[in-house]
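# Per-entry structural report
One-letter residues, chain by chain:
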Amino acid sequence: MSAKVSLRRFAALDSDEQQPADTRPAALDRLIQVPGDVMDALTAVFGETGLLEDQARVAKVLEARREVQASWGRAAKSFIEAGKALLRLDVALVTPAERAALKAGCERLFPFSDPVASQLRSVARAVESGLLQPESCPASYSVAYQLCVMEAGDFAEAKRRGLVSPSVTRAAIIAFRKERQRAAEASTRVDEAGLRAEAQRLGTRIAHLQAEIKTLERRQAEIARLLTAEPEAGGTS
């Protein structure tokens, strides 16, 4: 349960301090009572200004925040529904010619291009499969798409870091993907020094084996001569 704090008072009151009667209108009181995390955000943004001392303007900030978040949420829901509608349409198109025609004429039927339609379908599939929950879907279809095309391990890590959320930005996702790509490249990068050392060890080992082979070949030839000479020695006895 998130603690709620009043923007009018930042310090905790002493237990014996008499609190003045609250004469604020109920609606304003509702506006300025915010969860602790929102309070932290307001302080981080406006802490160096005088805005937090003005309840009316604080109320305006919170009202705008609620309206924007509500609109943002509706936007996410809208493109998910659009993607689902496209998936249903795909089922209705039964021939390759029909699907090709839709691909070529997408912009004549819908307010977006075929590449955008493809991204919307991907997001809708992720939602229908349970990979992406509607309530945690980013507010931009392009950002949601970036999540949907991640490898399973990358997606799990993005989720662990809190990047699978309506508030995540495209810049944050791109930075995350670049970081993961660099990590993957580092893990597969050729260890040149290690390979040179190994090659040297192999060369030394080969030289030893070649010398041993020559010794074995000389002994083999010697045994062959002895075996050839043995009958002659027996005949002269």
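Quick caveat: nothing in here was measured; it's all calculated off a predicted structure.

Scanning the protein from N- to C-terminus turns up 10 helices and two strands. A total of 237 residues make up the protein; the buried ones form 24% of that total. Look at the contacts in the protein between residues 6 or more apart in sequence, and 58% of them connect residues 24 or more apart. Total accessible area computed for the protein in this model is approximately 16800 Å², and 56% of it derives from carbon and sulfur atoms.

Next up on the list: the pattern of salt bridges. Counted under the stated rule, the structure contains eight salt bridges. Of the charged contacts, one joins D154 and R180 as a salt bridge, the two residues approaching to 2.7 Å between their closest N and O atoms. You can see D154 sitting in helix α8 (residues 152–160) and its partner R180 sitting in helix α9 (residues 170–188), a full 26 residues away along the chain. Take D154: its relative accessible area is 22%, and that puts it in the partly exposed class. Within this structure, E157, R160, R161 and E179 form a network of salt bridges that share partners.

Quick look at the packing of helix α6 (residues 114–129) against helix α7 (residues 141–148) now. Packed helices, taken two at a time, are described by their axes: the angle between them and the distance between them. Put simply, α6 and α7 touch, their axes get as near as 9 Å, and they point 60 degrees apart. Taken together, α6 and α7 sit at an angle that is classed as oblique. With respect to the hand of their crossing, α6 and α7 are arranged in left-handed fashion. Judged by residue contacts, V116, Q119, L120, S122, V123 and A126 of α6 engage Y141, S142, A144, Y145 and C148 from α7. Tallied by class, the residues present in the contact of α6 with α7 amount to eight nonpolar, three polar and no charged.

Conventions and cut-offs
- Residue positions are counted from 1 within each chain, in the order its sequence is given.
- Confidence filtering applies because this is a predicted model: local features only for residues at pLDDT of at least 70, side-chain atom pairs given and counted only at 80 or more, and all residues used for totals across whole chains, interfaces and linings.
- The side-chain figures draw on all heavy atoms in the structure; neither hydrogens nor water molecules are used.
- Think of it this way: any DSSP run of H or I at least four residues long counts as a helix, any run of E at least two long counts as a strand, and we number them from the N terminus.
- Accessibility here uses a 1.4 Å probe with only protein chains present; expressed as a share of the type maximum, an area under 20% marks a residue as buried, one over 50% as exposed, and anything in between as partly exposed.
- Here, two residues are considered to be in contact whenever any of their heavy atoms come within 4.5 Å of each other.
- Throughout, the Shrake-Rupley method with a 1.4 Å probe supplies accessible areas, and for residues the shown protein chains are the sole cover considered.
- Any Lys or Arg side-chain nitrogen found within 4 Å of a carboxyl oxygen on Asp or Glu counts as a salt bridge.
- The convention used is that axes are lines fitted to C-alpha atoms, helices contributing only their stretch in contact, and that angles between N-to-C directions extend from 0 to 180 degrees.
- For classification purposes, an angle smaller than 35 degrees is called roughly parallel, one larger than 145 roughly antiparallel, one from 65 to 115 roughly perpendicular, and anything else oblique.
- By definition, any crossing whose near helix is turned counterclockwise from its far helix by less than a right angle is left-handed, and any crossing with a clockwise turn is right-handed.
- Side-chain classes are defined by residue name, with Ala, Val, Leu, Ile, Met, Phe, Trp, Tyr, Cys and Pro counting as nonpolar, Asp, Glu, Lys and Arg as charged, and the others, Gly among them, as polar.

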